[in-house]
Amino acid sequence: MAQRPVILSGIQPSGKLTIGHYTGALRNWVALQDSHECYFMIADLHAITVRQEPEQLRQRTLDTAALYLACGIDPQQSVLFVQSHVPEHTQLTWVLACLTGMGECQRMTQFKEKSLQHRHNVNVGLFAYPILMAADILLYQADLVPVGADQKQHLELTRNLAERFNYYYGETFRIPEPYIPPLGAKIMSLQEPTKKMSKSDPNENAVLFLTDTPEDIQRKIRKAVTDSGREIRYEEQRPGIANLIVLYHVATGKSIPEIEAEFGSAGYATFKAALAEALIEFLRPIREEYLRLRAAEDHLHNLLAEGARRARERAAHTLQLVYERVGFLKAPVLEFSGAVVSNQRG
Ligand code: ATP
Ligand code: LTN
């Protein structure tokens, strides 16, 4: 069988996943998994660039795995794994960091925004975040990276680093392309529709989580901020209603012209009621499947262990090639005594 093109993508387990993660990432992953060789990771190394409570991070890593599955990722077909289980990600990051200019990281919009958001913890990891992301992608020799619009700049840096490495050390990395969906690449906050919907928004009413109950959904849609006028028409200068129309499209599969024809001048209240109903029905099976899978922790651990094994096979191969090209001496095979090292005295 001909080799299928390779995909890699990931989401940080830094909070509950939103409908934005579904439209910007998960729904496209699911659509592409039949025709591509896919690696979907849980980006826990990226998550610690902002402070995480350790036990909560562990729980959220499992929550995220269960949601990937509930949204339709098939673990037989695609490789589902945790980033920190594959040490090659951090190893390649170092090599790439030595090829990255300070100015390149400083320019990143996400770095500038997060530095303002986390003024008291602007750490080196936050600065190097896009280099780790480049390592994630290049390790798997990915052809395509399905992400939301906010990640485009990081993809450009990844391509530059791959080209730079290839130029200095010889053809090693495939140059990846971003895959940014035509609709839903940037779902906006329900309260401030000029801002991206973000899982870390302190205002819960601004964010629609994939695991929200029907009551949550009703309330959040009812309170969603709309623009002046009453026409249900998709226009960029009316970001509130445009965002809700995209959500209706995601929940029902109807096209924008179909939605405009259906609601036209029916008024915001009628449209919002229909949208809440559609979202409730759309999210119900995802939530139910999530709760079922999340309760079976042993099964999740087993799937992630198998995923790490399959991911490492591909990642180790690339890293070995990189180390050779860079000029590192072949590492000796080490045997360990197996002695347990304790951090306790006595
Ligand atoms: P934060 O916690 O700072 O909001 P984030 O949610 O943007 O971070 P990730 O969890 O790593 O960051 O996002 C993973 C993927 O989901 C990326 O491809 C990103 O573009 C996409 N994504 C996140 N939020 C949205 C959104 N509102 N609309 C569309 N895509 C989104
Ligand atoms: N930085 C991404 C998450 C991420 C990612 C990746 C996406 C980490 N590594 C590799 C695609 C490919 C974000 O959306 N915040």
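Here the structure is a predicted model, which means the values were calculated and not measured.

**Q** Which residues make up the site of ligand 1, and what values go with them?
**A** Taken together, 21 residues sit near ligand 1, with Lys-114, Asp-150, Lys-196, Ser-198 and Lys-199 positioned nearest. Contacts to ligand 1 include Gly-148, whose backbone N or O atom sits 2.9 Å from an oxygen atom. In this structure, Asp-150 approaches ligand 1 through a side-chain N or O atom, which is 2.5 Å from an oxygen atom. Within the complex, 94% of the 610 Å² of free accessible area of ligand 1 lies under protein. Mapped onto the shell around ligand 1, the elements with two or more residues apiece are β1 (6–11) and α1 (19–32). Tallying contributions element by element places α1 first for the shell around ligand 1, with three residues. Split into classes, the residues belonging to the shell around ligand 1 amount to five nonpolar, 11 polar and five charged.

**Q** Kindly report on the site of ligand 2, identifying the contributing residues and their values.
**A** Of all residues adjacent to ligand 2, which total 14 residues, the nearest are Met-41, Tyr-129, Met-133, Asp-136 and Gln-151. Interatomic distance of 2.7 Å between a side-chain N/O atom of Tyr-129 and a nitrogen atom of ligand 2. Within the side chain of Gln-151, one N or O atom sits 3.1 Å away from a nitrogen atom of ligand 2. Protein chains shield 91% of the accessible area of ligand 2, which is 370 Å² for the free molecule.

**Q** Could you give an account of the packing of helix α4 (residues 88–97) against helix α13 (residues 297–326), naming the residues involved and the relevant values?
**A** Where α4 meets α13, the closest approach of the two axes is 10 Å, and the angle between their N-to-C directions is 25 degrees. One element, α4, and the other, α13, form an angle in the roughly parallel class. Like other packed secondary-structure pairs, α4 and α13 cross with a definite hand, here left-handed. Judged by residue contacts, Glu-88, Gln-91, Leu-92 and Val-95 of α4 engage Arg-312, Ala-315, Ala-316, Leu-319, Val-322, Tyr-323 and Val-326 from α13.

**Q** Could you give an account of the packing of aromatic side chains, naming the residues involved and the relevant values?
**A** Taken as a whole and assessed by the stated rule, the structure comprises 13 aromatic pairs. Ring geometry for Tyr-22 against Phe-282: centres 5.4 Å apart, planes inclined by 70 degrees, an arrangement best described as edge-to-face. Of this pair, Tyr-22 sits in helix α1 while Phe-282 sits in helix α12 (residues 268–295), and the two are 260 residues apart along the sequence. Across the pair, Phe-282 and Tyr-22 agree in class, each one buried. Aromatic ring contacts, followed pair by pair, group Trp-29, Phe-40 and Tyr-68 into a single cluster. Between Lys-16 and the ring centre of Phe-209, over which it is positioned, the NZ or CZ distance is 4.4 Å.

**Q** Requested: an account of the pairing of β1, with residues and values cited.
**A** Within β1, five of the six residues are buried, which leaves the element mostly enclosed by the surrounding structure. Alignment of β1 against strand β2 (residues 37–42), held across six bridges, turns out to be parallel. Bridge assignment links Ile-11 to a residue of β2, and that residue is Ile-42. Of the crossover connections in this fold, the one passing from β1 over α1 to the parallel β2 is right-handed.

**Q** Residue-level account of the nonpolar core, with values.
**A** Formed by 62 residues in total, the largest nonpolar core has its most connected members in Ile-19, Leu-26, Tyr-68, Leu-210 and Phe-271. For this core, the leading source of residues is α12, giving 12 residues. For Tyr-68, the residues in contact, after removing those within four places along its chain, are Gly-10, Ile-11, Leu-17, Leu-26, Trp-29, Phe-40, Met-41, Ile-42, Ile-73 and Leu-80. Judged by nonpolar contacts, the second largest core, of 38 residues, contains Val-6, Phe-81, Leu-155 and Val-322.

What counts as what
- Residues numbered from 1 in each chain as written.
- Chains lettered and ligands numbered in written order.
- Predicted model: local features only at pLDDT ≥ 70, side-chain atom pairs only at ≥ 80, totals over all residues.
- Heavy atoms only, no water.
- Near = heavy atom within 4 Å.
- Polar contact = N/O pair within 3.5 Å; in protein donor to acceptor, adjacent residues only side chain to side chain.
- Areas by Shrake-Rupley, 256 points an atom, 1.4 Å probe, with all protein chains shown as cover.
- Helix = DSSP H or I, 4+ residues; strand = E, 2+ residues; numbered from the N terminus.
- Nonpolar A, V, L, I, M, F, W, Y, C, P; charged D, E, K, R; others polar.
- Axes fitted to C-alpha atoms, helices over the stretch in contact; angles between N-to-C directions.
- Parallel < 35°, antiparallel > 145°, perpendicular 65-115°, else oblique.
- Left-handed = near helix turned anticlockwise from the far one by under 90°.
- Contact = heavy atoms within 4.5 Å.
- Phe/Tyr/Trp six-rings, centres within 6.5 Å; stacked < 30°, edge-to-face > 60°.
- Buried < 20%, exposed > 50% of the residue type's maximum accessible area, 1.4 Å probe, protein only.
- Lys NZ or Arg CZ within 6 Å of the ring centre and 35° of its normal.
- Pairing = 2+ DSSP bridges.
- Right-handed = clockwise from strand over helix to strand, strands pointing away.
- Core = buried A, V, L, I, M, F, W, Y, C linked by side-chain atoms within 4.5 Å.

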